[in-house]
Every structure is written in C-alpha cells, then in structure tokens.
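Geometric and topological summary
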Amino acid sequence: MSRRRTLSTKKKLVLLVSAAAVAGGGAFAFAATSNASSVQNAATSTVCQGLATAFGNNETFIADQRANPDAQSEARIANREAVLAQIKVQQEASGCEVGESAQDSQTVAPPAASTPPAASAPAQSAPAEDTGADAGAGAATGEQVCTGSTVTLSGEAGAPAASSNQFPAGTLLKVTNLDNNKSTTVEVTATSGSCALLNNAAFELVREPGKFLIRNALIEKVG
C-alpha cells in the first residue's frame with residue numbers, strides 16, 4: 001500500500017507567500033519600467049515640439065522674405081536655410097521627425113495701453129537671476145509684451161541676441177524663464193516669425209536642461 005506525501009498547512013502557506021512575492025516583484029518592475037518609459041517619451045515630445053517650433057518660425061521668416069524681398073533678402077534666406085539644416089540635424093539626433101514644422105501660433109499681446117503693468121507680473125515676487133552679459137540693462141524691469149507667447153531658439157550661432165516680428169533691430173528685450181527664474185537681456189538684431197526668438201547662446205542662458213521650448217515666459221521691452 002503506497003503512502004502519499006502531503007504538505008503541511010504551514011509549508012503550503014510559505015509557498016503561497018513566496019509565489020505572491022515573485023509575482024508582486026514582477027509587477028513592480030513592469031510598473032517602474034512603464035513609468036520610466038512614459039517620462040522619457042514626454043521629455044522627447046517636449047524636445048521635438050521645441051525644435052518643430054523653431055523650424056516653423058524660420059520657415060515663416062523665409063516665406064516673408066520671399067514675399068517682401070529687399071536688397072538683403074537673399075543673404076537672410078541663405079542664413080536661415082543653413083539654420084533649418086542645423087535644426088534637422090538636431091531633430092535626427094533627438095529621435096524626432098526630421099523636417100517637422102510647427103509655427104508659434106500664440107496670440108500677440110494687445111497694444112501697451114491695455115497690457116497689464118509689469119509690476120503685476122509673477123516674476124516681481126521673486127527677482128529673476130539675470131544671466132545676460134549686460135547686467136545693468138538686464139536688472140531693469142520693462143514693459144511686459146507679447147503675453148502668452150512661448151520662446152524658442154533660432155538655431156543661429158554668435159553672441160547672445162534675439163530676433164522678432166514685433167520689434168525693430170536695436171530693441172532690448174528681457175526674457176525670463178519663469179520655470180527656473182533665469183533671465184537674460186538681449187538686443188534684437190534680426191526679423192523672425194515670432195515675438196522673441198533667441199539664438200543658441202541666448203537660449204542657453206535661460207533654458208532648462210534638455211528643453212528647446214520655454215512655455216512659461218515673461219518678455220519685457222527694456223528702455
């Protein structure tokens with residue numbers, strides 16, 4: 001007569017707890033991997049959107065120059081085409097769709113008479129760290145302009161500068177990134193398709209690591 005070995009209640013309980021621990025560990029690992037993937041995808045999306053906006057702004061500038069040419073249009077167009085080529089390189093390196101274009105469609109602020117006074121701007125509660133070369137001009141507060149506009153980079157090299165479709169060359173603009181409270185004051189040196197488009201050097205002074213778009217920006221006309 002054969003004897004069947006049976007597990008005691010205590011041993012059964014130990015096996016069940018062990019199995020649950022293994023299953024739970026696998027679920028935790030899956031959840032952690034999923035969360036990390038989501039964060040990475042969100043970061044990539046932000047980078048790609050910023051590059052697409054810069055691409056679109058430069059395309060708009062080129063189109064405007066071709067529609068209203070002057071003696072310098074050909075040189076400006078050639079310069080911006082080189083910028084577009086550089087942005088494509090950045091898009092490919094960041095895993096974005098190469099050549100993706102998205103223009104900055106934010107609403108431009110109404111005339112100065114209806115613009116809220118600069119004293120009510122959020123940045124006044126905590127003075128921004130001015131990272132511009134001209135600390136004297138950068139420390140000054142100015143007239144808030146282009147409320148709601150985002151700020152991105154043109155892809156152009158050179159000393160810190162900005163381009164704009166609202167202000168002529170020589171205008172000083174103070175751009176504050178309210179997400180990290182950094183600001184810089186730069187001179188407008190060219191025309192672009194948005195209120196304030198920073199070149200590479202200027203954008204580096206106020207950007208957050210890995211981001212090519214400033215959504216929460218304060219733009220002020222100084223002087």
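Turning to the pairing of strand β5 (residues 172–177), a few remarks are in order. Most of β5 sits inside the fold, with 5 of its 6 residues counted as buried. Sheet analysis places β5 next to strand β6 (residues 182–191), joined by 6 bridges and oriented antiparallel. Bridge pairing links Leu-172 to Glu-187 in β6. Hairpin remark: β5 followed by β6, antiparallel, with 4 residues in the connecting loop; positive phi at Asn-181, about 65 degrees. Sheet topology places β5 next to strand β9 (residues 217–222); 6 bridges connect them, and they run antiparallel. From the neighbouring strand, Lys-174 faces β9, where its bridge partner is Glu-220.

This brings us to helix α2 (residues 73–93). Each α-helix turn comprises 3.6 residues. Residues three or four places apart therefore point the same way. If you check α2, its first and last C-alpha atoms are 30 Å apart, about what 21 residues at 1.5 Å a residue would give, namely 30 Å. Those residues of α2 not exposed but buried are Ser-73, Ile-77, Arg-80, Val-83, Leu-84, Ile-87, Gln-90 and Gln-91. For α2, the angular spread of the buried residues around the axis is 125 degrees, confining them to a single face. For α2, the exposed residues set more than 90 degrees away from the buried face come down to Glu-74, Glu-92 and Ala-93. Gly-95, located one to two residues past α2, shows a positive phi value of around 80 degrees.

For the rest of this paragraph, the subject is the state of the cysteines. Counting across every chain of the model gives 2 disulfides. The residue that forms a disulfide with Cys-146 is Cys-195, at a sulfur-sulfur distance of 2.0 Å. Residues Cys-146 and Cys-195 are joined by a disulfide whose S-S torsion is about 85 degrees; by sign, that bridge is right-handed. Of the two residues, Cys-146 is situated in the loop between β2 (143–145) and β3 (151–153) and Cys-195 in the loop between β6 and β7 (197–198); the sequence distance between them amounts to 49 residues.

Calculation rules
Residues numbered from 1 in each chain as written. Predicted model: local features only at pLDDT ≥ 70, side-chain atom pairs only at ≥ 80, totals over all residues. Heavy atoms only, no water. Buried < 20%, exposed > 50% of the residue type's maximum accessible area, 1.4 Å probe, protein only. Helix = DSSP H or I, 4+ residues; strand = E, 2+ residues; numbered from the N terminus. Pairing = 2+ DSSP bridges. Expected span 1.5 Å × (residues − 1). Arc of directions from axis to C-beta. Disulfide = S-S within 2.5 Å.

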